Amino acid sequence: MRHLIVFEEKAYLVSVERKGEALDSYGIEEPLKELAQLADIAGLMVVGSTYQKLASLNPRTYIGSGKVSEIKHAIHAFGVETVIFDDELSPGQLRNLGKAFGGDVGVCDRTALILDFFN
C-alpha cells in the first residue's frame, strides 16, 4: 500500500491591537482564529501566531522591530513559508517585511489572502 504525503505550505499569523482601539468581547484571539480559518481554506497549515499591542503603527514595517525579530526567529524554527497579517499592509510595508524575513518567505495580508480564493 502506498502512502500519499501532502506537504502543506506553512504559515504564521500576525495581528495588531492598537492601544485605545475598542475590541469586542472576544479580544484579539477572535480575529486570529478567523484568519487561521481563512488560511486553512487556502490550503495553508498554520504553525503559529503572534500579536502586538501598539500605540502607533510603524510606517516601514507595520509592527515594531522587536516583533519583526521574533517572527524571523519563528520562521526559522518552524520552516514558515508565508507570513499573513490580519490588517491591510501598504506595498512598502510588504516589501520591507519581505526583505526583513528573507527573500523566499512570502508576506501577505488578509485582503490578499481572500482575493487569492478567486484566482
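Residues numbered from 1 in each chain as written. Predicted model: local features only at pLDDT ≥ 70, side-chain atom pairs only at ≥ 80, totals over all residues. Heavy atoms only, no water.

Caption draft 1: Examining the packing of aromatic side chains more closely. The full count for this structure, using the stated rule, is 1 aromatic pair. For the pair Tyr62 and Phe85, a centre-to-centre distance of 6.2 Å together with 90 degrees between the ring planes defines the contact as edge-to-face. Here Tyr62 is found in the loop between strand S2 (44-54) and helix H2 (65-78), whereas its partner Phe85 is found in strand S3 (residues 82-85), with 23 residues between them in sequence. (Phe/Tyr/Trp six-rings, centres within 6.5 Å; stacked < 30°, edge-to-face > 60°. Helix = DSSP H or I, 4+ residues; strand = E, 2+ residues; numbered from the N terminus.)

Caption draft 2: Representation of the packing of helix H1 (residues 29-41) against helix H4 (residues 110-117) within the structure. Here H1 crosses H4 at 30 degrees, and the two axes come no closer than 10 Å. In the crossing of H1 with H4, the sense of the turn from one axis to the other is left-handed. From H1, Pro31, Glu34, Leu35, Leu38, Ala39 and Ile41 reach across to H4, where they touch Arg110, Leu113, Ile114 and Phe117. (Axes fitted to C-alpha atoms, helices over the stretch in contact; angles between N-to-C directions. Left-handed = near helix turned anticlockwise from the far one by under 90°. Contact = heavy atoms within 4.5 Å.)

Caption draft 3: Summary view of the pairing of strand S4 (residues 106-109). By the bridge criterion, 4 bridges tie S3 to S4 in an arrangement that is parallel. Within S4, the residue paired with Ile84 across the bridge is Cys108. As a crossover connection, the stretch from S3 through helix H3 (residues 91-101) into S4 is right-handed. (Pairing = 2+ DSSP bridges. Right-handed = clockwise from strand over helix to strand, strands pointing away.)

Caption draft 4: Structural view of the packing of H2 against H3. The interhelical angle for the contact between H2 and H3, taken along N-to-C directions, is 55 degrees, at an axis separation of 10 Å. Accordingly, the angle class assigned to the pair H2 and H3 is oblique. Two packed elements cross with a definite hand, and for H2 against H3 that hand is right-handed. Within the contact between the two elements, H2 uses Val68, Ile71, Lys72 and Ile75 and H3 uses Leu97, Ala100 and Phe101. The residue makeup of the contact of H2 with H3, split by class, is 6 nonpolar, no polar and 1 charged. (Parallel < 35°, antiparallel > 145°, perpendicular 65-115°, else oblique. Nonpolar A, V, L, I, M, F, W, Y, C, P; charged D, E, K, R; others polar.)

Caption draft 5: Quick peek at the pattern of salt bridges. Per the stated rule, a full pass over the model turns up 4 salt bridges. In this structure, Arg110 and Glu34 form a salt bridge, with 2.6 Å as the shortest nitrogen-oxygen distance. One end of the pair, Arg110, is in helix H4; the other, Glu34, is in helix H1, and 76 residues separate them in sequence. Take Arg110: its relative accessible area is 16%, and that puts it in the buried class. Relative accessible area serves as the criterion here: at 40%, Glu34 is assigned to the partly exposed category. A salt bridge links Lys67 to Glu70; its shortest N-O distance comes to 3.0 Å. (Salt bridge = Lys/Arg side-chain N within 4 Å of Asp/Glu carboxyl O. Buried < 20%, exposed > 50% of the residue type's maximum accessible area, 1.4 Å probe, protein only.)

Take it as geometry only, folks, not as evidence of what the structure does.
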